[in-house]
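Topology and contacts: notes
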Amino acid sequence: MDTPRDALSQGFEKARQGLQQVAQSSDLPNFDSTGTRALEAWFLGPKAENADELERFIVEAIRDQAFWRRNFHPSDPTHITGEMKRSPEYLEAMDSLTEGYQSLLAFLKKSVPFFSPRYQGHMNWDLTIPGILGYFAAMLYNPNNVAFEGSTATTILEILVGDDLCQMLGYTIPDREAIDRGAIRPWGHITCDGTVANIEALWSARNLKFYPLALQAALQADPALAAGKSIVITLPTGASRPLIELDTWELLNLQADDILALPTRLTAESQISRDTITASLAQYSLQSLGLQEFSRRFLSQIDKSPVFLVPGTKHYSFPKAAAVLGIGAANAIDVPVDKDARLNMAALKDILERCLLEKIPVYTVVGVVGSTEESAIDPIKDILALRAEFRQRGLEFTVHGDAAWGGYHISVMRDDFDMPEPLASLVAAPPPAVPLKHYVIEQFQALGGVDSITVDPHKSGYIPYPAGALCYRNSAMRDLVTFSAPVVFHGDAEPTVGIYGIEGSKPGAAAAAVYLSHRVIRPSKSGYGKIIGEALFSCKKLYARLLCMARPEDPFVVVPVSRLPAEVDGADLAAQIQFIRDRIVGKTNQEIINDRDAMKLLAEIGPDQNILAYAFNFKNASGQINTDLAQTNRLNKALYDRLSINPGDDIYGYDLIVSTTDLNAAQYGATFITDYKHRLGVGKSAGDSITVLRSVVMDPWVTETTKGSFLDILEHEFRKAVTAALAEIMPTQTGRD
Ligand SMILES: *Cc1c(COP(=O)(O)O)cnc(C)c1O
């Protein structure tokens, strides 16, 4: 019978052979000795300074496409003749195209000016030139990475890029011999975005949780698996028991690697083929039966719905994932965050204790590595340590790192790998890269221990949409979300990768964009680490500027969400602010670099990464700070109104653009909201939703330009806007400042 599964397997085999051939040829693309170090060569630039270069490369892609077409069976007929090109219909069509194109180009001017230093809003800045070129050149070939057949070049690029992202994030790729001996191999692929990557991560975690239940049933009932009936498995507590003897709760609390090894072990120990296992499991798996039938058969002893835990700062993709996967958004449990908007470990522990006590299965605990609103990094190291503790007590779950925003930031601390020695003469005095906070370094060092990681090349990779990615620590995780029999994965002869995910057709151009960008700009200190390190420097300088912006005579104050180290340690806060005022604000980059103490403090201040959240408050007529949260929110909404683009407007009229968000107690928890309200001066006021302004600072060049620090202009624009907003909400305040 030619079921879709059989058809897939056949396509698979062919793809595998094709790939083996390509792998043997010498012109296989790679990342060896290719990185470069000049930031100024990587972007088009705020004034399109690299326009000539970009144009030359783009024209080359078109010319090269033309050569390619002409050389493919050169004697095949041409179709579009000179005569046709002179026909009235042709000329009319071209006129219409010209007109339509020009009006589209004009309309596109209503777009957001992400490239400008005046844009300090969402997660967007300039794109890397290699990213643009990789996308453009590959787009002309229109490859579809859903299957190798439609992407004979770009599927290979996706595999390369998947490995590169895994290595960047801290997953080690063992050599082939080690893999043959059973070492765990990571695997990553390109998704359309971080949302889909997060959904896939939970999809695989959900299927992993239920896999042992299905396998136990199959072992018990299916004669085809009889030989494997006595297979034993190690429990998280260390004991070994036959799988068929475990009760439901034990089956729901096995370690990922032990579960994922089962199919291979059944083949090795009991000579049951992978196809037989896949066919048998299809009669019992959640994937086939659906939640209702699966629960009826296997979960009757579990009264509480399984859950996954996410910090209150979670991205919207998690409730979506819960809904799509039938988990239920109510079972995506918010863990409150601490005063720094990081997942609160004590609260997590309490929730896990309850899960253990009440036998609530836990799919996954999510740690966010760079939250969307404030770039807070959750304590990944402590989450992993806590899991080890609960594992001993019989509660097991996977840990997912949502590094959609913050994954590339690890390159700031990653030593250059496969890069040539630096050139002696570099581009003149680039802005300095700032080191990461000690806390952040610790979390990045632990990141390789999580089971899956989402990372978005189209965010901190400065690569065109759509390019998200999901990386698994153990490549066998991907087999849980496909309908075809797993293949043994060595990494260099991998069949089509498009079957391991939610998406169908997907642009091979996206993989080419990530590939070329990573080839020119390596995800290590001298490559992405340099862009992001300099962007962090910009962000921290802007943070310091906002922190110190309000003078005693100003009718407003500015309160960043990020607390100062002195606030965290209970040290002398006023002295620290004075230090920042004297040694950072208003100092040139070079002066700061030469000042060891200033650099040291700079590394530790501001957000964990480069997203600033901050709010203004105002002083009333007697000079007292307003104590009513509703009024504070009104001011910040009025400010946002002035600093955001209205639909249909001509964007040339905007002098500064930021974004906004509301931080709520329902998600963030009382600790964070109470503390921030207190710092804003509205601690006694009712209300638990705080409107903040938000600036994602991705621009590495904003601190120093040929015309001085652009931060002066940004401060000037903030002053202009706050004066106008105050006049609007409090007419009596006009005339001050
Ligand atoms: C942006 C983001 C996502 C979702 O990514 P998209 O590419 O926008 O779908 C998920 N998690 C975090 C933390 C994000 O910042």
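Analysis parameters
- Residues numbered from 1 in each chain as written.
- Predicted model: local features only at pLDDT ≥ 70, side-chain atom pairs only at ≥ 80, totals over all residues.
- Heavy atoms only, no water.
- Pairing = 2+ DSSP bridges.
- Helix = DSSP H or I, 4+ residues; strand = E, 2+ residues; numbered from the N terminus.
- Contact = heavy atoms within 4.5 Å.
- Axes fitted to C-alpha atoms, helices over the stretch in contact; angles between N-to-C directions.
- Domains from an automatic or database assignment.
- Buried area = accessible area lost by both parts, 1.4 Å probe.
- Salt bridge = Lys/Arg side-chain N within 4 Å of Asp/Glu carboxyl O.
- Nonpolar A, V, L, I, M, F, W, Y, C, P; charged D, E, K, R; others polar.
- Buried < 20%, exposed > 50% of the residue type's maximum accessible area, 1.4 Å probe, protein only.
- Patch = residues over 30% accessible without salt bridge, like charges linked within 9 Å, V, L, I, M, F, W, Y side chains within 5 Å.
- Areas by Shrake-Rupley, 256 points an atom, 1.4 Å probe, with all protein chains shown as cover.

Turning to the sheet that holds strand β1 (residues 119–120), a few remarks are in order. The five strands lie next to each other as β1-β13-β14-β12-β11, forming an open sheet whose pairing is mixed. The sheet is open, and its two edges are formed by β1 and β11 (556–560), each paired on a single side. Direction of pairing for strand β12 (residues 611–618) relative to strand β14 (residues 689–696): antiparallel, over a ladder of four bridges. In the strand pairing of β14, leucine 612 is matched with serine 695. Strands in contact with helix α26 (residues 710–729) are β1, β11, β12 and β13 (657–664); relative to β12, the strand with the most contacts, it is inclined by about 40°.

Frequently, the measure chosen for interface size is the accessible area removed from exposure when the parts meet. Each domain of the protein was delimited in the assignment, giving domain 1 (176–202 + 305–423 + 438–475) and domain 2 (209–298). Spacing between the C-alpha centres of domain 1 and domain 2 amounts to 26 Å. Each side of the interface is counted separately: domain 1 has 21 residues, and domain 2 has 13 residues. Buried surface at the junction of domain 1 and domain 2, both sides included, amounts to about 1300 Å², of which 63% is carbon and sulfur. Along the contact surface separating domain 1 from domain 2 lie one salt bridge. Put simply, arginine 473 and aspartate 257 hold a salt bridge, and the shortest N to O gap is 3.0 Å. Among the secondary structure elements, those contributing two or more residues to the side of domain 1 that touches domain 2 are α14 (345–357), β7 (362–368) and α15 (380–392). Of the residues in the side of domain 1 that touches domain 2, the class split is eleven nonpolar, five polar and five charged.

Moving on, we come to the pairing of strand β9 (residues 452–455). Burial along β9 is two-sided: the residues Ser452 and Thr454 and Ile453 and Val455 are all buried. Bridge count between strand β8 (residues 398–403) and β9: four bridges; the pairing is parallel. Its bridge partner being in β9, aspartate 402 is matched across the sheet by threonine 454. Pairing of β9 with strand β10 (residues 468–472) involves four bridges; the strand directions are antiparallel.

Ordered in space as β2-β10-β9-β8-β7-β5-β6, the seven strands form an open sheet in which the pairing is mixed. Because the sheet does not close on itself, it has two edges, and the strands there are β2 (187–191) and β6 (332–335). On average, each strand axis in the sheet is inclined to that of its neighbour by 20°, with strand direction left out of account. Across the sheet, α14 lies against β5 (307–311), β6 and β7, angled at about 145° from β6, the strand it touches most. Against the sheet, α15 makes contact with β7 and β8, and its axis sits at roughly 170° relative to β8, the strand it touches most.

All chains considered together, the criterion is met by 38 salt bridges. Close ionic contact of lysine 349 with glutamate 353 constitutes a salt bridge, the shortest N to O distance being 3.4 Å. A residue pair is termed a helical-turn pair when its members lie 3 or 4 positions apart in one helix, as lysine 349 and glutamate 353 do in helix α14 at four residues. You can call glutamate 353 partly exposed: its relative accessible area is 26%. Close ionic contact of arginine 679 with aspartate 675 constitutes a salt bridge, the shortest N to O distance being 3.1 Å. Linking arginine 679 with aspartate 675, this pair stays in helix α25 (residues 670–680), spanning four residues, or about one helical turn. What makes arginine 679 buried here is its relative accessible area of 17%. One connected set of salt bridges, linked through shared partners, spans Arg545, Arg551, Glu553, Asp554, Asp712, Glu715 and Arg719.

Moving on, we get to a nonpolar patch on the surface. A contiguous nonpolar surface patch, about 550 Å² in accessible area, is contributed by Met94, Leu97, Tyr101, Leu104, Leu105 and Leu108. With respect to the element layout, methionine 94 can be found in helix α4 (residues 88–107). Overall, methionine 94 belongs to the partly exposed group, its relative accessible area being 36%.

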